[in-house]
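Examining the three-dimensional arrangement
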Amino acid sequence: MHDKPIMLIVDDSEMSRGGLKRVFLGEYEFIEAKNGQEAMEILRAGTPVSIILLDAIMPQMNGFQFLEKMQEDSNFSGIPIVMVTQQDDEYTEIKALELGAADFIAKPFKSQIIRRRVKNIVVKNQLEFKYKSKYDKLTGIYTKDTFIEKTSQMLRENTHKKYVIIRWNIERFKLINDLFGVKEGDKILIGMAKTLAELIKGIGTYGRLERDHFVMCLPYYLLDIEEIIKRINEGVGRYKADYAVASNFGIYMVDDITLPVDIMCDRANLALQSVRGNITKPYAFYKDKYRSSLLEEQRLIKDINIALAEEQFEVYYQPIFSLSLGKVVSAEALVRWNHPIKKIIPAGQFISIFEKNGFIMQLDVFVLETVCKQLKEWKDSGEQFLPVSVNISSVNIYEPDFCNKVMELVRKYVIDTSMLQFEITENTYSKNTYQHSDVIKTLQKRGFSILMDDFGSGYSSFNMLKDVPIDALKVDLRFLEDFDKSGRFGSIITAVVRMAKWLNMPVIAVGVETKGQLDFLKSIGCDMVQGYFFSRPLPKLQFQIFVKKSDNVLQEKIMAYDESINYNELFNPNFVSNQIFNSIIGGIGIYELVEDRLEVIRVNDGYYQTMGYNPQTLYEDAGNILCKVFEEDRVLLIEKCRNVCKSRGLGEIVLRRYDGNGKLLWLDVNIKYLGGNIHRPLFCFTFKDITTSKGSKKTDTPVVSSEEE
Ligand code: C2E
Ligand code: MG
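Reference entry: report on the structure contained in this document.

**Looking at the coordination of the magnesium ion (ligand 2)**
Coordination of the magnesium ion (ligand 2) by the protein comes from Glu332 (OE), Asn391 (OD1), Glu423 (OE) and Asp453 (OD), over a distance range of 2.0 to 2.3 Å. Summarised as a motif, the one-chain spacing of the donors to the magnesium ion (ligand 2) is E-x58-N-x31-E-x29-D. Here the residue Glu332 occupies a position in strand S12 (residues 327-339), and Glu423 occupies one in strand S15 (residues 420-425), the gap between them amounting to 91 residues.

**As for the packing of helix H2 (residues 36-44) against helix H3 (residues 63-72)**
Running from amino to carboxyl end, H2 crosses H3 at an angle of 25°, the nearest separation of the two axes being 9 Å. By the criterion of interaxial angle, the relationship of H2 to H3 is roughly parallel. Pair H2 / H3 crosses with right-handed handedness. Contacts between H2 and H3 involve Gly36, Ala39, Met40, Leu43 and Arg44 from the first element and Phe66, Lys69 and Met70 from the second.

**A closer look at helix H13 (residues 360-380)**
The end-to-end C-alpha distance of H13 is 30 Å, a good match for the 30 Å that 21 residues give at a rise of 1.5 Å each. Within H13 the residues assigned to the buried category are Ile360, Met361, Leu363, Asp364, Val367, Leu368, Glu369, Val371, Cys372, Gln374, Leu375 and Trp378. With its phi angle positive at about 85°, Gly382 sits one or two positions after the end of H13.

**As for the sheet that holds strand S6 (residues 163-170)**
Strand order in the open sheet made by the 5 strands is S7-S8-S6-S9-S10, with mixed pairing throughout. Looking at the sheet topology across the chains shown, the edges are occupied by strand S7 (205-210) and strand S10 (283-285). Neighbour to neighbour, the strand axes of the sheet diverge by 20° on average, direction disregarded. Set on the sheet, helix H6 (residues 144-157) makes contact with S6, S7, strand S8 (213-219) and strand S9 (247-254); between it and S7 the angle comes to about 150°.

**Let's talk about the sheet that holds strand S4 (residues 81-85)**
Within the open sheet, the 5 strands sit side by side as S2-S1-S3-S4-S5. Their pairing is parallel. The sheet terminates laterally at strand S2 (29-33) and strand S5 (103-106), the two strands that pair on one side only. Here the average twist between neighbouring strands, direction ignored, is 25°. Bridging between strand S1 (residues 6-10) and strand S3 (residues 49-55) involves 5 bridges; their strand directions are parallel. Considered in S3, the bridge of Ile9 is made with Leu53. The sheet contacts of helix H1 (residues 14-24) involve S1, S2, S3, S4 and S5, and relative to S2 the element is tilted by about 165°.

**Some points on the packing of aromatic side chains**
To describe a pair of aromatic rings, you give the distance between the ring centres and the angle between the ring planes. Scanning the entire structure with this criterion turns up 29 aromatic pairs. Pairing Phe321 with Phe534 gives two aromatic rings, centres 4.3 Å apart and planes at 35°, and the pair type is tilted. Placement of the pair is Phe321 in strand S11 (residues 313-322) and Phe534 in the loop between strand S19 (528-530) and helix H22 (540-548), with a sequence separation of 213 residues. Pair check on accessibility: Phe321 and Phe534 agree, each one buried.

**Focus on a nonpolar patch on the surface**
Among the surface-exposed residues, Ile203, Tyr221 and Leu222 lie close enough to one another that they form a single nonpolar patch of about 300 Å² accessible area. Here Ile203 is to be found in the loop between helix H8 (182-200) and S7. On the accessibility criterion, Ile203 (34% relative accessible area) is partly exposed.

**Some remarks on the pattern of salt bridges**
Taken as a whole and assessed by the stated rule, the structure comprises 23 salt bridges. We note a salt bridge from Arg167 to Glu210, for which the minimum N-O separation is 3.8 Å. Of this pair, Arg167 sits in strand S6 while Glu210 sits in strand S7, and the two are 43 residues apart along the sequence. Glu210 sits in the partly exposed class, given a relative accessible area of 35%. Residues joined by salt bridges that share partners form a network here, namely Arg17, Lys21 and Glu32.

**Quick notes on the packing of H8 against helix H9 (residues 225-237)**
Running from N to C, H8 and H9 cross one another at 135°; their axes reach a closest spacing of 8 Å. Considering the angle they form, H8 stands oblique to H9. The hand of the H8/H9 crossing is right-handed. Across the interface between the two elements, Ile188, Met192, Thr195 and Leu199 from H8 touch Ile228, Arg231, Ile232, Gly235 and Val236 from H9. Looking at the contact of H8 with H9, its residues break down into 6 nonpolar, 2 polar and 1 charged.

**A short note on the site of ligand 1**
Around ligand 1, the structure places 24 residues, and the nearest of them are Arg336, Asp364, Asp453, Arg478 and Glu513. In isolation ligand 1 exposes 790 Å². Once the protein is present, 87% of that is buried. Only S12 and H13 provide two or more residues apiece to the shell around ligand 1. Per-element accounting of the shell around ligand 1 gives the leading share, 4 residues, to S12.

**Some remarks on the layout of surface pockets**
What the second largest pocket holds in volume is close to 520 Å³. As for the second largest pocket, its lining consists of 22 residues, and the residues nearest its centre are Ser77, Gly78, Ile79, Asn125 and Lys132. Elements supplying a minimum of two residues to the lining of the second largest pocket: H3 and helix H5 (111-134). Class assignment for the residues of the lining of the second largest pocket results in 11 nonpolar, 6 polar and 5 charged.

Rules used throughout
- Residues numbered from 1 in each chain as written.
- Chains lettered and ligands numbered in written order.
- Predicted model: local features only at pLDDT ≥ 70, side-chain atom pairs only at ≥ 80, totals over all residues.
- Heavy atoms only, no water.
- Donors = N, O, S within 2.8 Å, 3.2 Å for Na, K, Ca; no water.
- Helix = DSSP H or I, 4+ residues; strand = E, 2+ residues; numbered from the N terminus.
- Axes fitted to C-alpha atoms, helices over the stretch in contact; angles between N-to-C directions.
- Parallel < 35°, antiparallel > 145°, perpendicular 65-115°, else oblique.
- Left-handed = near helix turned anticlockwise from the far one by under 90°.
- Contact = heavy atoms within 4.5 Å.
- Expected span 1.5 Å × (residues − 1).
- Buried < 20%, exposed > 50% of the residue type's maximum accessible area, 1.4 Å probe, protein only.
- Pairing = 2+ DSSP bridges.
- Phe/Tyr/Trp six-rings, centres within 6.5 Å; stacked < 30°, edge-to-face > 60°.
- Patch = residues over 30% accessible without salt bridge, like charges linked within 9 Å, V, L, I, M, F, W, Y side chains within 5 Å.
- Areas by Shrake-Rupley, 256 points an atom, 1.4 Å probe, with all protein chains shown as cover.
- Salt bridge = Lys/Arg side-chain N within 4 Å of Asp/Glu carboxyl O.
- Nonpolar A, V, L, I, M, F, W, Y, C, P; charged D, E, K, R; others polar.
- Near = heavy atom within 4 Å.
- 1 Å grid on protein atoms, 1.4 Å probe; cavity = no way out; pocket = protein on both sides within 12 Å on 5 of 7 lines; lining within 4 Å.
- Points joined across faces, edges and corners; volume = space filled by probe spheres on them.

Take a look at the structure:
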């Protein structure tokens, strides 16, 4: 501890340093440096300097160079510097002020004057510093410490009142910064602070905790959370009109005022984390169970070492089905923890803990090695076996040695690299696309496939697909559950599958639990599926048995239907209509007319049969199915669609087209307008194959009926 403030005197002349010390004797503690270089070292050592007196001309690093260095380092921005100049040296004085000096004093020194000037500077600086640390630099509202101090005081002085703490953060703030730049991001934060000030001033406390996390404390009787959210969103909207800024809120009811306020904020944060990404309900109240799950997490951490030593981890395998081939084509390896007390814990409950504390490296290598051993065992047994995909944590993908570790294991167990695939979550890529791109390319060059896991759950899915070479996408239906309520679920999956087809990437839908979901996925051309509807993840022996009889399982699961169809439900994967849609004998297709193209949106099983397609092959032509229509009939078909659209009715046309195998078909097509945008109308086509009756007259002109309603 220093009793007096520290003055750093930087001057190469001992005599000058002595002169300055005499002027400030008794007021400061002195530290001396002979040049800028030495002064820099003193500061970097962490000496708490209150003021610097700086000579201009010195060897090694002169005063100006020192000022420049100080400007570059924000750690020292709070220390005022006074330049010592010769009398009437206007050039030095101006340059010093330009380079950030707080003031200058000229030789010969007039003790009274320079003492006063330096004192003023120090006092002003201390006041500024005090203000700055109390208020957030960017937004001008309370910092975390001040919020805690003021809120504690408010709670202490109003013990008769009940309070709530609300903490929130801006949804996908990182994306806003990425998309619009940090300046725009800052604008939103400032807007948030201004909105808060308007909303809360006088009724409670508020502040910025960190990054995009804000907090407020107000009396319980004023809590109308829906109204608060509405006003915050509207308020912030004024500062960024072209982007709908949304936030997630966590609320802690202050029931124990002896609890430190920072713990109250942590509890509000636990509630906030429980609604992250939830667009239908953006807020939650803190419940004790959030805390108990945190404590549970801490208990698990204690058990990790023993678990690794005692080999309590086991790899399960979940089958992945191809709908076009009607069989299991691969499996995903999912780790389970056979905990002595808690029994079998699924990966979802501990992977994130392992990622936080670094154990994930050991765990992923363990899973990888177990899978390699398993693949070797299956191969040696002479039975047919399937590729297995292994989840790799983003933490490990950053590990420069990762590829070598993989190759080591592959060599050790003599594994064909095409039998091993890696699942990487998209967040992994988005952090540093190009570095990953290299790791991924290296793995692909060696023959491994890379699957992008959890597509659609992260921040920049579509954008990064163009930069990172991916072999397949995995879409987890459960991530899109929220869209289900808004009726957009089906449209989003359809868009993902279509986009993936354009990029020549297969899509694996994960989390398929119902027949309705399966039928829907099939009808939009999603070929691979994984989920409880077929099988849960299984221990290796059960998995082997399952695969052997899986063809029957699949057939059984896919059968059984009903009668009529409700077009409004076409995009809802959970509706009965999907079963109905598929049960109709004969082909049905839902199409969108985009300029002069007809895009396939959905088809039923009858369509696949009539047209000789499977989900895989259809989607090569789906972008414009007209390419399969007999050339002379194309214009007539488009015209027909336009008329049907205009009349909002029905139409019929006899059409020639080639099926998926190149065979010419004659079709009787009924067209119904379903709705949709005038520029992108939707139609339902039902097909009757009349090739046999037309057989000999292959080039007849198509028959067009004109019974539009
Ligand atoms: P994931 O890669 O998306 O794996 C799919 C998860 O969904 C698995 O959960 C699986 O059991 C579950 N699941 C599959 N079908 C259904 C379904 O129809 N309904 C429901 N409700 N769930 C279904 P699990 O095994 O708990 O794994 C969770 C996550 O943990 C995985 O998500 C993966 O990201 C990670 N993980 C699993 N094993 C490993 C591993 O060995 N290493 C690493 N780094 N991560 C792993
Ligand atoms: Mg996975």
